[in-house]
Amino acid sequence: MGTNGSTMLEPLRQGLPPLDPAAVSNAASCALPARYEAVRDARKFTRGTLDEWDIGDRFDDVCLVVSELVTNALRHALPSDTPRAPEQDPPVRLHLMHWTGRLVCAVRDPSHDSPEARDSDDCSAESGRGLFLVDSFADSWGWHPLAGTLNGKVVWALFRLHTAG
């Protein structure tokens, strides 16, 4: 078949605003280990990638959202009884895609459960606030199950970028 690289993006495109896949100017992804340090790795990867693409204007928002999406993926997608074999394919992947004036962060995880923003009046509650933050800082976000042989889902967030000029 040989379409392995693009299969990941198929379901993502369905859930996104109509962005021409051919117009993606840059794309980068990194696999994240099933450990909480992965959140730090994801932020570092995001910082390096946005610097490289010269789109730092929404860096803080993007990093905050990436942190939340990765934390959610790790928390909900990794049942505590999941064996953590080091040679195992890392279950969580972060994808960054850049169109003119748009940036999409997408996090893939092996869970089929839909992400839920839990209503919480308890401001000290750690859990459930992440998606409210994602909703506040990203211009839009969504999720959908993966197609084909891939298990799990993708949760994505879209940012509008201020273009120079």
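Residues numbered from 1 in each chain as written. Predicted model: local features only at pLDDT ≥ 70, side-chain atom pairs only at ≥ 80, totals over all residues. Heavy atoms only, no water.

A. How the structure looks around the overall build of the protein. When helices and strands are tallied, the protein shows five helices and five strands. Walking the protein from its N terminus toward its C terminus, one meets helices and strands in the order α-α-β-α-α-β-β-α-β-β. Taken over 165 residues, the protein has a buried fraction of 42%. Look at the contacts in the protein between residues 6 or more apart in sequence, and 68% of them connect residues 24 or more apart. (Helix = DSSP H or I, 4+ residues; strand = E, 2+ residues; numbered from the N terminus. Buried < 20%, exposed > 50% of the residue type's maximum accessible area, 1.4 Å probe, protein only. Contact = heavy atoms within 4.5 Å.)

B. Layout of helix H3 (residues 38–53). The terminal C-alpha atoms of H3, which comprises 16 residues, lie 22 Å apart, in line with the 22 Å expected from a rise of 1.5 Å per residue. Phi turns positive one or two residues past the end of H3, at Asp54, with a value near 60 degrees. (Expected span 1.5 Å × (residues − 1).)

C. Focus on the sheet that holds strand E1 (residues 26–32). The strand order across the open sheet formed by five strands is E1-E2-E3-E5-E4, and the pairing between neighbours is antiparallel. Edge positions in the open sheet fall to E1 and strand E4 (140–145), since each of these has one partner strand only. On average, each strand axis in the sheet is tilted by 15 degrees relative to the strand beside it, whichever way the strands run. Where E4 meets strand E5 (residues 153–160), six bridges bridge the pair, whose relative direction is antiparallel. (Pairing = 2+ DSSP bridges. Axes fitted to C-alpha atoms, helices over the stretch in contact; angles between N-to-C directions.)

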